[in-house]
Structure formats: structure tokens, C-alpha cells
Amino acid sequence: MIDYRDIIADLIFSENLGLSRDEVRDIIEIPTEERMGDFAFPCFKLAKELRKAPQMIAADIAAKISDCDAFEKVEQVNAYVNVFVNRSHIAENVIEEINDQGSTYGQTDIGAGRNIVVDFSSPNIAKPFHIGHIRSTVIGNSICKLYKALGYNVIGVNHLGDYGTQFGKMIVAYRKWGSEEDLVKEPIKTLLSYYTKFHEEAEKDPALDDEAREAFVRLEAGEEEEVKLWEKFREYSLEEFNKVYKMLGITFESYAGESFYSDKIPAVIEELKSKGLIKESQGAQIVDLEEYDLGAAMIMKSDGSSLYATRDIATAIYRKNTYDFVKNIYVVASQQNLHFKQWKMVLKLMGYEWEKDCIHVPFGLISLEDGEILSTRKGKVIFLEDVLNNAVKKTKDIMLEKNPNIPEIDNIAHDVGIGAVVFQELSNNRIKDYVFNWDKVLNFDGETGPYVQYTHARASSVLRNASPEELNETKTGICDYSYLTGETAFSLIKLLYRVPEVIIDASDKYEPSVLTRHLVDIAQSFNKFYHDEHILVDNRDEKIAKLSLVMATKTVIANCLAFLGINAPERM
Ligand code: ARG
């Protein structure tokens, strides 16, 4: 793909002004207002270097580089060199590139040969997979796809919460009030009711808590009866989780959860001891992080059982040894900030320099409209599966109203309903708390998933109305691009051009919302083009040029939706 920054950087660098080519390239900006050009080069840094007024340098550079056929004009305004790209030139380069590359447009190989681990979703078994889990699940999935687009080898890990004292509680509750029959019918709802009941009863009878602790110790020791029950809980839970992953089209490279690390714990404790990091506190083993303002990291309880933090230390070491990652990413709620800070500090104190490559990617809380925060303990829960099913059903109702004869309505309602929920999750700046709202999610006009998908379907429909010969001609790329130099076409083409750098930006920031925002801009820009310009005009050359832009836009929207984990239906 032609890179205007490179062209400008090469030209300015060849003037030998005392900056390296990369320094020159880094200074180039995109002006906030279109009248200031498409790219701008501020001369302040050069002014320091050359001890000359920046305006004079800018005027000099403008005069010297204006003679390039990639540019319409080059102007000096104050200390800036403003570059206006040639509209036919950018149209030709961008559209041909996109229509050439098709479904791979936006991808690069800058990460080739390097591994990235992404720990995401990671629900706790025997507990509901609820609306609170959706953020880690879809943000993590999109981060995987963005890094794959950059050529990295990505290992998506579902670090299942399948270990810990809560299983002691489940075991006790199951023995006291459980029935196999209910469990088979509705595993998680049933397990959840035991869990809620356990907490109610334990408030009245604290001896239950002791019983639960004992059950867990027996489980950790591998006692057959406890292990069997635990396996049952895990299997049933996974079956339910998988229903949701299937709906979302999400897969994992590994399901190694917390229990996978239980036999690796003793070695970690030994290592912490030999490095002099462990100390005893009220019978428990801790790493004292007081001097870093991080309190104490609990490593082992007084009864000898391990903790979430201990397992995360073992996990990180295992992942480094197994995958030799360049990044080890954890997409986990900001409520766990302290846990991850402590964990990173412990790894650092253990002397692991790769601790700097371990990254916690936090996100804010999701709440319901009545303002209540979701809580498993109180049994106030909205199941993710129900939310997704509801979204599909509501979408189908809307479609039946608008367009009842549409073929394959169930498939489309699935793609749009799920896409709506996923897009909404990814539209919010991830760190912000937000309130889940049905009307916003399913809006076909606002800045939503259905709106972007609808734009894709609209572009597809335009292409369906072209003849096969016309479509063929569009693909050969022999077009008169001067028909695409109007304001709306030009804005759209610039947005399509920027997609590869937006993908890099989104992955650098672990922030899919950078891409959802850009995608909404593309959709709005395309719809403006669609309304302002007649596409299927009589003039054949003009029609072919415009169809080639429609085709490129359709490809880009589909590709970007795929990086977010969303399908792009041909019709809506
Ligand atoms: N199971 C945990 C929870 O639901 C999230 C685990 C995240 N991953 C990790 N390696 N700690 O809160």
C-alpha cells in the first residue's frame, strides 16, 4: 500500500536538514481541519536544529517538495508545511489495493514468528456465565483477532476458575440439598441455587464454613469422592459455557484453568522460599509488599491450601516456559487491579525480567438499568445466554416488521442480534463503567452494530444491482478515478486508507473501541456518499469507478467487523 507519510518523509529527508528519516516521519501529523491539508509537517524541531525561523524552513520545504504527482498542492502556513494529496492518486492506490487484497486488507506481518498469550473470558465453573462476563469475553476475543491481524501467533487461553475454596462450598451444598436429576436438567441454575442457599445457611450456622473448608482440603488432596463431584461440576459447567462461546463464534487455544496449576504450586513455594521472599504471618505464608505500598500477597493459607494469586504466579512461569511469549495479556475487570499489581511485583522480586511483558488489561463495571451491580451471591444474575437469545429474538421481531420476506431470516437475526451486543461492548472505552441498555444496543440508526452491518448490507445490495460484466471491470482496476474526487468520496477513501494504522493503534492500546469508532465513521461516510451521489449512473466509466469504491468499502467493513468478532450479513 502506498504510504503518504513515507513519501513525505523521503522527500523532506532528502533535503538533508539534520533529522533522520524516522524522526521526520514521526513528526508528520494529520491536521484536525481539512482546510489545513491531509498531512502536515511542523518545523519547530528543525528550527531548533537549524537555528532558523520555522516559517522560513516551512516555506523552503513547501517549495521543494511540491513537485510530486502524489500531491495536489503543498502550502506553507506559519510554521507548517501542509500537504494536500492528489485525490485521483489516493483513490486509485487505496481502492486497487483493497480490491486486490480482499479479505486480507488491514493485515500485516509485523508480528510474524512471535507469540502472544491472551488470557480472557475465564469464568468460574459451577457459577453462572452472566452478563458481567461478557466484557472480558468479547474484548479479549477482539484483542486476539487484532494481534492475529498483525501476524502474531496468538494463544487464547480460557483460564477457567475451576479451583478454590468455593468448591468446598459447592460440595457441601450438593451433598446436603442436591439432586442429580436437577443437576442434569439445568446444571448451572441448579448449582447456583445451592451456592446461594449455602451462603444463607452459613450465616445462621457458621459450622458449614468449616465443613466446606475441610471438603476443599480433601479435594486438593485428591480424595476420590470430592474429585468426582468436582469433575461433574466442571463438565456440566463447560457444556453450558460452550453454548455461549458457540453463539459468539469464539474458540480458545487452551482451557488450562486454575486446577491445571495445582501440581506446580509446591515448586513455586519452594522458589519463593529459596529467594527469601516468603514470610509467616498469623500462620499463613505471605510476600510482604508493604515497602511498595502493595500490602501483602497471600501465598498459602494457614491450612496449607493455595490461593488465586499463588496459581497466577505458577501460571505466568508456565506460560513463559511453554510459549516464550513477547506479551502475556490478562483481560480482567479493574476490580482485580490490586491482585495484578501484587502479582507483577512478586514476579519482579523473583527476578523475572519478562514480568514487564505481563500486562493486565482492565475494564470497567457493567450494571443494569436499575443501578444494581450484578452479584452472584445474592442470586441476582442475568445469564449471558439469555441476553444473547433475547437479542436475537428482538432483532428477528424488528426484521419481521421491516422486511418480513427476507430469506434466511434466522441466520441474519442471529448475526445481527449477537453483533449488536458485541459491538456495544466494544464501543465503550473499556475502562469506563457503563449501564446495559437494550434500546441502545438494537438501534439500527445510532452508532451501533446493526447500523454498521446495515451499511455493509446496503453496499452489498448496490453490488447485486450491477451486472456481472460491470463487477468484473471493477475488479480489474482499470477505472477513471477522477470520478471519485468529490468531497464525500474523498473523505471515505481517506478513512479506508487509514484502516491498517487504526488496527495497529487499537492493538497497541488494547482498545477495540478505537476500531469500532473508526468503523462508525466509515459507515457514516459511506452513507453520505450513497445519498449525495448517484452510483448506478448511465455514464459507464463513472459507474465503474463508483462501484469500485462501493466494493472496497464493503470489503473493509466486513474485515473490520471480523477483527471485532462480528459477522457481516449480505442482506438485512
Ligand atoms: N476466574 C476469574 C474471575 O472470574 C478471572 C481469571 C482471570 N485470569 C487470571 N489468570 N487471573 O474473576
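Above this text sits the structure in question.
Conventions used here
- All residue numbers here refer to positions counted from 1 along the written sequence of the relevant chain.
- For a predicted model such as this one, the threshold for reporting local features is a pLDDT of at least 70, and the threshold for listing and counting side-chain atom pairs is 80 or more; totals across whole chains, interfaces and linings nevertheless cover every residue.
- By convention in this description, side-chain values take in all heavy atoms of the structure and omit both hydrogens and water.
- For helices the rule is a DSSP run of H or I covering at least 4 residues; for strands it is a run of E covering at least 2, with both sets numbered from the N terminus onward.
- The buried label applies to any residue whose accessible area, calculated with a 1.4 Å probe on protein chains only, is under 20% of its type's maximum; exposed applies above 50%, and partly exposed to all values in between.
- Should any heavy atoms of two residues lie within 4.5 Å, those residues are considered in contact.
- The pairing criterion for strands is at least two bridges between them, as found by DSSP.
- Note on method: axes are straight lines fitted to C-alpha atoms, helices fitted across the in-contact stretch only, with angles between N-to-C directions ranging 0 to 180 degrees.
- Looking down the strands as they point away from you, a crossover is right-handed if its path from the first strand over the helix to the second goes clockwise.
- With respect to orientation, any angle under 35 degrees is reported as roughly parallel, any angle over 145 as roughly antiparallel, any angle of 65 to 115 as roughly perpendicular, and every other angle as oblique.
- Ten residue types, Ala, Val, Leu, Ile, Met, Phe, Trp, Tyr, Cys and Pro, are classed as nonpolar, four, Asp, Glu, Lys and Arg, as charged, and the remainder, Gly among them, as polar.
- We define proximity as follows: a residue is near a molecule or strand when any one of its heavy atoms falls within 4 Å of that partner.
- Polar contact criterion, stated in full: a pair of N or O atoms within 3.5 Å, where within protein one must be able to donate a hydrogen and the other to accept it, and residues adjacent in sequence count only if both atoms are side-chain atoms.
- Here the open area of atoms and residues is found with the Shrake-Rupley method and a 1.4 Å probe, where only the protein chains shown may cover a residue.
- Residues enter a nonpolar core if they are buried and are Ala, Val, Leu, Ile, Met, Phe, Trp, Tyr or Cys, with the set joined through side-chain atoms within 4.5 Å.
- Any pair of Phe, Tyr and Trp rings, taking the six-membered ring for Trp, is counted once the centres come within 6.5 Å. Such a pair is stacked with planes under 30 degrees apart, edge-to-face with planes over 60 apart, and tilted for the rest.

*Asks:* Explain the environment of glycine 283 to me, using residue names and the numbers behind them.
*Replies:* Within the element layout of this structure, glycine 283 appears in the loop between β6 (278-281) and β7 (284-288). Assessed through its relative accessible area of 36%, glycine 283 is described here as partly exposed. Taking the C-alpha atoms as reference, glycine 283 lies 46 Å from alanine 506; in sequence the two are 223 residues apart.

*Asks:* A description of the side chain of lysine 543 should follow, citing residues and the corresponding values.
*Replies:* Position of lysine 543 among the secondary structure elements: in helix α23 (residues 540-563). Setting aside its immediate chain neighbours within four residues, lysine 543 contacts Glu470, Ile535, Leu536 and Val537.

*Asks:* Please set out the sheet that holds strand β5 (residues 153-157) residue by residue, giving values where relevant.
*Replies:* Taken in spatial order, the four strands make up an open sheet running β5-β4-β9-β10, and their pairing is parallel. One side of each edge strand has no neighbouring strand; the edge strands of this open sheet are β5 and β10 (358-361). Between one strand and the next, the sheet's axes are offset by a mean angle of 20°, whatever the strand orientation. One ladder, built from four bridges, connects strand β9 (residues 327-331) with β10; its direction is parallel. The residue bridging asparagine 328 from the neighbouring strand is cysteine 358, located in β10. Along the sheet, helix α13 (residues 308-323) makes contact with β4 (115-119), β5 and β9, crossing β9 at roughly 140°. The strands touched by helix α14 (residues 337-349) within the sheet are β9 and β10, with β10 carrying the most contacts at an inclination of about 175°.

*Asks:* Kindly report on the pairing of β4, identifying the contributing residues and their values.
*Replies:* Counting buried residues in β4 gives four out of five residues, a clear majority hidden from the surface. Strand direction decides the pairing type here: β4 and β5, joined by five bridges, are parallel. Bridging from a neighbouring strand, valine 118 pairs with glycine 156 of β5. After leaving β4, the chain enters helix α6 (residues 134-149) and then returns to the sheet as β5, a path that is right-handed. Pairing between β4 and β9: four bridges, direction parallel.

*Asks:* Break down unusual backbone geometry for me, citing the residues and quoting the values.
*Replies:* Although it is not a glycine, serine 121 sits at a positive phi angle of roughly 70°. If you trace the backbone, serine 121 turns up in the loop between β4 and α6. Backbone geometry at aspartate 324 places phi at a positive 40°, although glycine is not the residue there. When you line up the elements, aspartate 324 lands in the loop between α13 and β9.

*Asks:* Help me get a handle on the packing of helix α9 (residues 187-204) against helix α10 (residues 207-220), residues and values and all.
*Replies:* Where α9 contacts α10, the axes come no closer than 7 Å and their chain directions differ by 125°. With respect to α10, the axis of α9 lies oblique. Facing α9, whose interface residues are Phe198, Glu201 and Ala202, α10 presents Leu208, Asp209 and Ala212. Considering only residue class, the contact of α9 with α10 consists of four nonpolar, no polar and two charged.

*Asks:* Can you break down the site of the ligand residue by residue, with the values?
*Replies:* Close contacts around the ligand come from Asp119, Ser122, Asn124, His159, Tyr308, Asp312, Tyr330, Val332, Gln336 and Phe340, and that covers them all. In this structure, a nitrogen atom belonging to the ligand sits 2.9 Å away from a main-chain N or O atom of serine 122. Interatomic distance of 2.9 Å between a side-chain N/O atom of glutamine 336 and an oxygen atom of the ligand. When the ligand sits alone it has 350 Å² of accessible area, and the protein chains cover 88% of it. Broken down by class, the residue content of the shell around the ligand amounts to four nonpolar, four polar and two charged.

*Asks:* Could you give an account of the nonpolar core, with specific residues and numbers?
*Replies:* Formed by 161 residues in total, the largest nonpolar core has its most connected members in Phe41, Ile61 and Val81. A per-element tally of this core places α23 first, with twelve residues. Leave out the neighbours within four places in its chain, and phenylalanine 41 touches Ile12, Val24, Ile27, Ile28, Leu46, Ile61, Ala79, Tyr80 and Val81. Core analysis: the next-biggest nonpolar cluster, separate from the first, contains 32 residues, Ala256, Ile269, Ile317 and Trp354 among them.

*Asks:* Tell me about the packing of helix α19 (residues 468-476) against α23, and please be specific about residues and values.
*Replies:* One way to put it is that α19 packs onto α23 with a least axis distance of 9 Å and a crossing angle of 70°. Put simply, α19 runs roughly perpendicular to α23. Residues Glu469, Glu470, Leu471, Glu473, Thr474 and Lys475 of α19 touch α23, and the partners they reach there are Arg540, Lys543, Ile544, Leu547, Ser548 and Met551. For the contact of α19 with α23, a count of residues per class yields four nonpolar, two polar and six charged.

*Asks:* Pulling in residues and values, what's your account of the sheet that holds β7?
*Replies:* With antiparallel pairing, three strands are arranged side by side in an open sheet as β6-β7-β8. What marks the edges here is a single partner per strand, and that holds for β6 and β8 (296-300). Across the sheet, the mean angle from the axis of one strand to that of its neighbour is 45°, orientation sign disregarded. Where β6 meets β7, four bridges bridge the pair, whose relative direction is antiparallel. When the bridges of β7 are listed, serine 281 appears paired with alanine 284.

*Asks:* Go over the packing of aromatic side chains with me, naming the residues and quoting the values.
*Replies:* By the definition in use, this model includes 23 aromatic pairs. Relative to tyrosine 80, the ring of phenylalanine 44 has its centre 5.8 Å away and its plane inclined at 85°; by these criteria the two rings are edge-to-face. One end of the pair, phenylalanine 44, is in helix α3 (residues 44-50); the other, tyrosine 80, is in strand β3 (residues 80-85), with 36 residues separating them in the sequence. Residue tyrosine 80 is classed as partly exposed on the basis of its relative accessible area of 28%.

Purely geometric numbers; function is a separate question.
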